[in-house]
Amino acid sequence: MEPHPRFSDAEFDRRRRAVLEAMAEEGVQHAVVYGANRFGPAVTWLTGWPVTREAALLLSEADPDLLLVQFHNHVPNARELARCEVRWAGPSTTETVVKELARRGARGPVGTLGPVSVELHAALGARFGRVVPLDRRYTELRLVKSAEELAWTRVGAELSDRAVEAILREGRVGMSERDLADLVERAYTPAGGTTYIHYFGATSMARPDRCVPAQFASARRLQPGDVLVTEISAAFWDYPGQVLRTFTVASDPTPLYRDLHEVAQAAFEAIVARVRDGAHPEELVEAAAVIEEAGFTTYDDLVHGFVGGYLPPVVGSRSRTLWPVPDLPLRAGMCLVVQPNVITRDERAGVQTGELVVVTKEGAERIHRAPPGLHRIGG
């Protein structure tokens, strides 16, 4: 058994060719793909190395790929995981990048991809002239997943489902949101999963004061009569699932929460029924009209692309539209999170349901197995 999972050489070659073609179309012969502080998905996508402190991939048509890594003690592991040459980035990553590009004969413009630092951007501009951002082109490349990527995404979905099962099995009165974080992480870390996100939001159903999960777990403890709203993504390396579920605590739902969830479930099913190759995002917004017809609204995005970033199309419901509906028809191989977060108009009470689906020519492929519905935990 291999110590770490790995995409095929053919898959990595496909990705590299796609970026080089985008570079050529932008008039760029050399590019710096950058990441720092555990963020920089393009580095991972092109090399297999999840960014730690800092990483800069030099990508050129005529030269082998070179990954420069910080810190020095991270280099051995990077050499195990990356499919290209790996070196220490030296005392200054910026200086090493500029020197290596000059050695390769770069004369500008130079492309950048990822959260390039101000220092690095300035140094590239001073040495090579025009700097061309490639992030938009990269996002376009991540919209449709390959067969290998979808296989890893299904593993991420399975790991996320384990987290929901752990809440159903072990969630109880007296647990804090921090305890829930510990609970769900123990469900998937033994199987090689990592945390992408786990958001929780608990409040009293009789006196609600929260309509959407929070990004940071609190010390508040679950009490009888509470509702718990969750958004969970466990990842298989850089390939997460996402599942959203609502639970009542040691109590049946109140009439308000029963109504909120019934509308959310109806919206979810209506949206998923419209998902197919060629569908326009406007159709998904129309499918969710049941939310406003019931007198409710939403706070979170209704639908967004996923896996490889928070991707287009991103749409809200009719009563919570932050920007125009994008003119981006769905394509087979896209991954979408359908997540109606139905709330009261005073923003005090809300539920969330939904999950990641894959767009196919026939419709939406459901890859999660976490049981749908409004569940009761804690007795």
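Being a predicted model, the structure only gives us computed values, none of them experimental.

Novice: Would you mind going over the overall build of the chain in detail, with residue names and values included?
Specialist: When its secondary structure is counted, the chain shows eleven helices and 18 strands. The C-alpha atoms of the chain give 23 Å as radius of gyration, which agrees with the globular expectation for 379 residues (21 Å, within 12%). Its C-alpha atoms give the chain principal-axis dimensions of about 70 × 40 × 40 Å. Split into buried and exposed, the 379 residues of the chain put 56% on the buried side. Partitioning the intrachain contacts of the chain with sequence separation of at least 6 by distance along the chain shows that 65% fall at a separation of at least 24. In the chain, 43 side chains carry a positive charge and 50 a negative one; their mean positions are 3 Å apart.

Novice: Please provide a residue-by-residue account of the sheet that holds strand β3 (residues 66-70), values included.
Specialist: A sheet is described by the order of its strands in space; here six strands give the open sequence β4-β3-β2-β1-β5-β6, paired in mixed fashion. On the outer flanks of this sheet lie β4 (85-88) and β6 (131-133), each paired with one strand and no other. On average, each strand axis in the sheet is tilted by 25° relative to the strand beside it, whichever way the strands run. By the bridge criterion, five bridges tie strand β2 (residues 54-60) to β3 in an arrangement that is antiparallel. Paired with Leu57 across the bridge in β3 is Leu67.

Novice: How would you summarise the pairing of strand β10 (residues 243-249) if you had to cite specific residues and measurements?
Specialist: Along β10, seven of the seven residues are buried, which leaves the element largely enclosed by surrounding structure. As judged from the six bridges shared by strand β8 (residues 226-236) and β10, these two strands associate in the antiparallel manner. Bridge pairing in β10 links Thr230 to Arg245. The pairing of β10 with strand β16 (residues 354-359) spans two bridges and is antiparallel. Note that in β16 the partner of Leu244 across the bridge is Gly354.

Novice: Describe the side chain of Thr47, listing the residues and the values that go with them.
Specialist: For Thr47, the location among the structural elements is in helix α2 (residues 41-47). We classify Thr47 as buried; its relative accessible area is 0%. Side-chain polar atoms of Thr47 contact the backbone oxygen of Val43, separated by 2.7 Å. At 3.0 Å, the side chain of Thr47 forms a polar contact with the backbone nitrogen of Trp49. The contacts of Thr47, once residues within four sequence positions are left out, are Phe12, Leu57, Leu67, Leu81, Ala82, Arg83 and Cys84.

Novice: Tell me what's going on with the packing of helix α7 (residues 147-170) against helix α8 (residues 177-188), and back it up with residues and numbers.
Specialist: Relative orientation of the contacting elements α7 and α8 amounts to 130°, with a least axis distance of 8 Å. If you check the angle between α7 and α8, you find them oblique. For the crossing formed where α7 meets α8, the hand is right-handed. The residues of α8 that touch α7, namely those facing Leu159, Arg162, Ala163, Ala166, Ile167 and Glu170, are Leu183, Val184, Ala187 and Tyr188. Split by residue class, the contact of α7 with α8 holds eight nonpolar, no polar and two charged.

Novice: So what's going on with helix α4 (residues 93-103)? Residues and values would help.
Specialist: Among all positions in α4, only Thr93, Thr94, Val97, Val98, Glu100 and Leu101 are buried. Take α4 and look down its axis: the buried residues cluster within an arc of 165°, on one side only. Residues of α4 that are exposed and angled more than 90 degrees away from the buried face: Lys99 and Arg103. Residues of α4 that are buried in the fold lie against β1 (30-36), β2, β3, β4, β5 (110-113) and α5 (118-128).

Novice: Residue-level account of helix α6 (residues 135-142), with values.
Specialist: Along an α-helix, residues three or four apart share an orientation, since each turn contains 3.6 residues. Within the sequence span of α6, burial applies to Arg137, Tyr138 and Arg142. The buried residues of α6 occupy one face: seen down the axis, they fall within an arc of 140°. At its buried positions, α6 is contacted by α1 (9-25), α2, β5, α7, β9 (239-240) and β13 (311-315).

What counts and how
- Residues numbered from 1 in each chain as written.
- Predicted model: local features only at pLDDT ≥ 70, side-chain atom pairs only at ≥ 80, totals over all residues.
- Heavy atoms only, no water.
- Helix = DSSP H or I, 4+ residues; strand = E, 2+ residues; numbered from the N terminus.
- Rg over C-alpha atoms; globule rule 2.2 N^0.38 Å.
- Buried < 20%, exposed > 50% of the residue type's maximum accessible area, 1.4 Å probe, protein only.
- Contact = heavy atoms within 4.5 Å.
- Lys, Arg positive; Asp, Glu negative; His and termini not counted.
- Charge placed at Lys NZ, Arg CZ, Asp CG, Glu CD.
- Pairing = 2+ DSSP bridges.
- Axes fitted to C-alpha atoms, helices over the stretch in contact; angles between N-to-C directions.
- Polar contact = N/O pair within 3.5 Å; in protein donor to acceptor, adjacent residues only side chain to side chain.
- Parallel < 35°, antiparallel > 145°, perpendicular 65-115°, else oblique.
- Left-handed = near helix turned anticlockwise from the far one by under 90°.
- Nonpolar A, V, L, I, M, F, W, Y, C, P; charged D, E, K, R; others polar.
- Arc of directions from axis to C-beta.

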